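# Secondary and tertiary structure notes
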Amino acid sequence: MNGKITAVLFIIVLILVVAVICTFLTSFDRSPEPQPTEPVEEPTEDPGNIQAVISTAAPTQAPAPATPAPATPAPTPVPTPAATPAPTPVPTPAPTPTPTEEPLPVNFESEELGSGSFRSDTGLYIDIRADWTARTVSANRVEIDVTVYLESYSIRLGPSEDAVNISLGGEYVSLATPAVQYDGNRMLVTQLASHSFRVDLPEESSNSYHLETVYNFGGTYGGVAIPAIECGGVISLSRY
């Protein structure tokens with residue numbers, strides 16, 4: 001009986017040993033086989049037909065192109081203003097020389113050539129009158145004196161610097177007038193202004209001159225607004 005048990009144990013141990021040996025051999029046969037490498041072909045030395053070298057190495061990647069720097073914008077040109085031509089200076093006219101009076105001869109005697117008067121007609125009990133007288137002052141010149149009067153009844157006026165305007169022979173003047181304060185019932189004659197004009201009138205000749213007189217009243221008289229009062233006429237003179 002003991003001999004059978006021993007035989008069975010021996011068989012079991014043998015089977016286990018065989019199984020271990022088989023397992024070891026199987027694991028050894030499954031080790032990875034080395035992968036063959038492709039042969040590198042060397043170029044043949046043929047100067048007429050050069051062959052490229054075939055390589056399994058990965059191709060070298062070309063470097064990425066560099067990003068170009070942003071272009072610097074060209075500076076905007078600043079317009080140069082055109083030169084402004086200098087204005088042509090306006091020539092200053094030469095002053096008109098004041099005519100000098102001819103010297104009177106030793107035996108020269110002034111001669112009265114005439115006189116007269118011009119009067120306005122407002123119909124309002126207020127008028128102006130221009131009296132004139134003319135006389136010779138040289139062989140070629142005559143002097144005409146003009147005096148302007150105001151004719152009125154009760155009136156109140158303030159002074160003025162240029163209320164009377166007189167023109168004669170191309171000459172024009174503005175004259176001041178005085179204040180007038182009158183409350184009477186009779187006509188008042190007040191001298192407003194006077195001026196002397198000199199005109200050309202050679203000996204053995206005659207001429208006419210227009211006299212115009214304006215009094216800028218600028219007020220109300222007898223309930224009527226009167227901006228101005230005028231009078232004048234023609235002065236005719238002769239030296240024959």
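Residues numbered from 1 in each chain as written. Predicted model: local features only at pLDDT ≥ 70, side-chain atom pairs only at ≥ 80, totals over all residues. Heavy atoms only, no water.

In this structure, Ile144, Ile155, Ile166, Tyr215, Phe217 and Leu237 are the most contacted members of the largest nonpolar core, which totals 37 residues. Setting aside chain neighbours within four positions, we find Leu237 in contact with Leu113, Trp132, Ala134, Val142, Ile144, Leu201, Ser206, Asn207 and Tyr209. (Core = buried A, V, L, I, M, F, W, Y, C linked by side-chain atoms within 4.5 Å. Buried < 20%, exposed > 50% of the residue type's maximum accessible area, 1.4 Å probe, protein only. Contact = heavy atoms within 4.5 Å.)

Counted by the stated rule, this structure contains 9 salt bridges. As a salt-bridge pair, Glu151 and Arg119 come within 2.7 Å of each other at their nearest N and O atoms. Here Arg119 lies in strand β1 (residues 112-119) and Glu151 lies in strand β3 (residues 141-152), a separation of 32 residues in the sequence. Owing to a relative accessible area of 6%, Glu151 belongs among the buried residues under this scheme. The exposure class of Arg119 is partly exposed, given its relative accessible area of 46%. Between Glu143 and Arg198 there is a salt bridge, and its shortest N-O distance comes to 2.9 Å. A residue pair is termed long-range when its members are at least 10 positions apart, and Glu143 in strand β3 and Arg198 in strand β8 (residues 188-200) qualify at 55 residues. According to the relative accessible area criterion, Arg198 is partly exposed, its value standing at 36%. Each of Arg119, Asp127, Arg129, Asp131 and Glu151 takes part in one network of salt bridges that share partners. (Salt bridge = Lys/Arg side-chain N within 4 Å of Asp/Glu carboxyl O. Helix = DSSP H or I, 4+ residues; strand = E, 2+ residues; numbered from the N terminus.)

This paragraph deals with the environment of Phe108. Structurally, the position occupied by Phe108 is in the loop between α1 (2-29) and β1. In this structure Phe108 comes out as partly exposed when scored by relative accessible area, which is 21%. Taking the C-alpha atoms as reference points, Phe108 and Thr136, separated by 28 residues in sequence, lie 9.8 Å from one another. Setting aside its immediate chain neighbours within four residues, Phe108 contacts Thr136, Val137, Ser138, Ala139 and Arg239.

Residues Ile5, Val8, Leu9, Ile12 and Leu16 make up a contiguous nonpolar surface patch of about 470 Å² in total accessible area. Tracing the backbone shows Leu16 in helix α1. (Patch = residues over 30% accessible without salt bridge, like charges linked within 9 Å, V, L, I, M, F, W, Y side chains within 5 Å. Areas by Shrake-Rupley, 256 points an atom, 1.4 Å probe, with all protein chains shown as cover.)

The next point concerns the sheet that holds β3. With antiparallel pairing, the 4 strands of this open sheet are ordered in space as β1-β2-β3-β8. Edge positions in the sheet fall to β1 and β8, since each of these pairs with one other strand and no more. This sheet shows a mean twist of 15° between the axes of neighbouring strands, independent of strand direction. (Pairing = 2+ DSSP bridges. Axes fitted to C-alpha atoms, helices over the stretch in contact; angles between N-to-C directions.)

To continue, consider the side chain of Thr147. You can see Thr147 is positioned in strand β3. The contact partners of Thr147, leaving out residues within four places of it in the chain, are Arg129, Ala130, Asp131, Gln191, Ala193 and Ser194.

Attention now moves to the sheet that holds strand β5 (residues 160-168). Judged by pairing direction, the sheet is antiparallel, and its 4 strands sit side by side in the order β6-β5-β9-β12 without closing on themselves. Looking along the sheet, the strands with just one partner apiece sit at the ends: β6 (171-177) and β12 (229-238). Going from strand to strand, the sheet's axes swing by 20° on average, the running direction of each strand aside. Relative to strand β9 (residues 206-215), β5 runs antiparallel, the two being bridged by 5 bridges. Note that in β9 the partner of Ile166 across the bridge is Thr213.

This paragraph deals with the side chain of Ser120. When you line up the elements, Ser120 lands in the loop between β1 and β2 (126-136). By relative accessible area, Ser120 is classed as buried at 4%. Engagement of the side chain of Ser120 in a polar contact is seen with the side chain of Asp127, the distance being 2.8 Å. Polar side-chain contacts of Ser120 include one of 3.0 Å to the backbone nitrogen of Ile128. Setting aside its immediate chain neighbours within four residues, Ser120 contacts Asp127, Ile128, Ile229, Glu230 and Cys231. (Polar contact = N/O pair within 3.5 Å; in protein donor to acceptor, adjacent residues only side chain to side chain.)

Our focus in this paragraph is the packing of aromatic side chains. Evaluated as defined, the whole model comprises 2 aromatic pairs. Centroid distance Tyr125 to Tyr153: 5.9 Å. Interplanar angle 75°. Geometry classified as edge-to-face. Here Tyr125, found in the loop between β1 and β2, pairs with Tyr153, found in the loop between β3 and β4 (155-157); they are 28 residues apart in sequence, far enough to count as distant. With relative accessibility at 60%, the residue Tyr125 sits in the exposed group. Residue classification places Tyr153 among the partly exposed residues on the basis of a relative accessible area of 26%. When the ring of Tyr215 is compared with that of Phe217, the centres are 6.1 Å apart and the planes differ by 65°; the resulting orientation is edge-to-face. (Phe/Tyr/Trp six-rings, centres within 6.5 Å; stacked < 30°, edge-to-face > 60°.)

As far as function goes, none of this settles anything; it's purely spatial.
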